[in-house]
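# Summary of the model geometry
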2 protein chains.
Amino acid sequence: MLTPNEAKMQTKKSLETLMPIGTAQEQIQGAKEFYKYMFSHHPDLRKYFKGAEHFTADDVQKSDRFDKQGQRIQLAMHILADTFDDEPTFRAYARETINRHRQYKMAPELWSAFFDVFVNFLQSRGKLTDEQKAAWKQVGEVFNEECQKHLKTLGLPHV
Amino acid sequence: MLTPNEAKMQTKKSLETLMPIGTAQEQIQGAKEFYKYMFSHHPDLRKYFKGAEHFTADDVQKSDRFDKQGQRIQLAMHILADTFDDEPTFRAYARETINRHRQYKMAPELWSAFFDVFVNFLQSRGKLTDEQKAAWKQVGEVFNEECQKHLKTLGLPHV
């Protein structure tokens, strides 16, 4: 088990290497690559993206919407890493994420499953060390724990 | 001029003392206090809150909407502090904040003015040290700089 600060450092490092954030074309493209990966490897998840239910990776590539969507999820992952040593803020961010996704009626098990998809995506971009994998596992577990707790508080389906 | 890490530590400290985040009643109330303060001291800003244009501090207190709104801004301020030593993420968060507020057509000078309101709010809750004040000034300046740059990129009014 890593300390929260170690887990933060390891996840940050993996992001800075494999999914750096910024306004340069390659950083925007890197963000979009996540959805190209997700839509190719987990086509069942496309149903949560109204109007893009039948999108291929090529459709994602051509879409302005997925430029924006990619940058949003890229930012979210950087925020999760940055706040992991500040548990109250990290947990508040998890709750806010649930609030913002309420309208999409997502299956509650996806909040945990997402981290497997994300780590597999990172691994498709380059090598993750064992410590980085362990760090993402920890981050995903705490995030999911707070998500399920908050879903329960809201009277919504949870696991 | 503080280093980004010093500014982060100072702003975090002021938030942990004067606006801690969490699900306890006093933390939710503390978040709501910001809007009670803003609506009392800057009633002109109420126009950005549709349906609450004539709200008093008492109306805010009774409102579930401002429970949620308070928690959102509380989280935003904690995220700004937490990410200030990770400039690309901090700046990406500023841009995302602009994207999310686009629909409200806010006057561009408010992105800077907000930090004065916020620091005055914190000071209404307890003492800020000179270093904490300097830290918030720095955070506000970088945030505003990125906001104005992004507004310009989007072809929107900026200062």
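What counts as what
Residues numbered from 1 in each chain as written. Chains lettered and ligands numbered in written order. Predicted model: local features only at pLDDT ≥ 70, side-chain atom pairs only at ≥ 80, totals over all residues. Heavy atoms only, no water. UniProt positions renumbered as here; feature names shortened; annotations may be inferred. Helix = DSSP H or I, 4+ residues; strand = E, 2+ residues; numbered from the N terminus. pLDDT = per-residue confidence, 0-100. Axes fitted to C-alpha atoms, helices over the stretch in contact; angles between N-to-C directions. Parallel < 35°, antiparallel > 145°, perpendicular 65-115°, else oblique. Left-handed = near helix turned anticlockwise from the far one by under 90°. Contact = heavy atoms within 4.5 Å. Nonpolar A, V, L, I, M, F, W, Y, C, P; charged D, E, K, R; others polar. Expected span 1.5 Å × (residues − 1). Buried < 20%, exposed > 50% of the residue type's maximum accessible area, 1.4 Å probe, protein only.

The name an unreviewed UniProt entry gives chain A is GLOBIN domain-containing protein, with Haemonchus contortus as the organism. Word for word, the UniProt comment on chain A under Sequence similarities (unreviewed entry) is "Belongs to the globin family."

What follows deals with the UniProt feature "domain: Globin" (unreviewed entry) in chain A. Under the feature "domain: Globin" (unreviewed entry), the UniProt entry names residues 1–152 of chain A. As a span, residues 1–152 of chain A carries 74% helix and 0% strand, and end to end its C-alpha atoms are 27 Å apart.

Okay, the confidence of the model for chain A next. Considering every residue of chain A, the mean pLDDT works out to 97; 100% of them sit at 70 or more. Both scores are given for the predicted complex: the pTM is 0.96, the ipTM 0.96.

All names here are of chain B. At a minimum axis separation of 8 Å, helix 1 (residues 4–18) and helix 4 (residues 64–83) run at an interaxial angle of 155 degrees. In this view, helix 1 runs roughly antiparallel relative to helix 4, as classed from their interaxial angle. Helix 4 is crossed by helix 1, and the crossing has left-handed handedness. Of the residues in helix 4, those touching helix 1 at Lys 8, Thr 11, Lys 12 and Leu 15 are Met 77, His 78, Ala 81 and Asp 82. Considered class by class, the residues forming the contact of helix 1 with helix 4 number three nonpolar, two polar and three charged.

Looking now at helix 2 (residues 25–41) of chain B. Residue and element names in this part refer to chain B. With 17 residues, helix 2 should reach 24 Å at 1.5 Å per residue; the first-to-last C-alpha distance of 24 Å fits that figure. For helix 2, a buried count of twelve out of 17 residues is recorded, marking the element as mostly surrounded by other parts of the structure. Regarding helix 2, the residues found buried are Gln 27, Ile 28, Gln 29, Gly 30, Ala 31, Lys 32, Phe 34, Tyr 35, Lys 36, Tyr 37, Met 38 and Phe 39. Where helix 2 is buried, its residues contact helix 3 (57–62), helix 4 and helix 6 (110–125).

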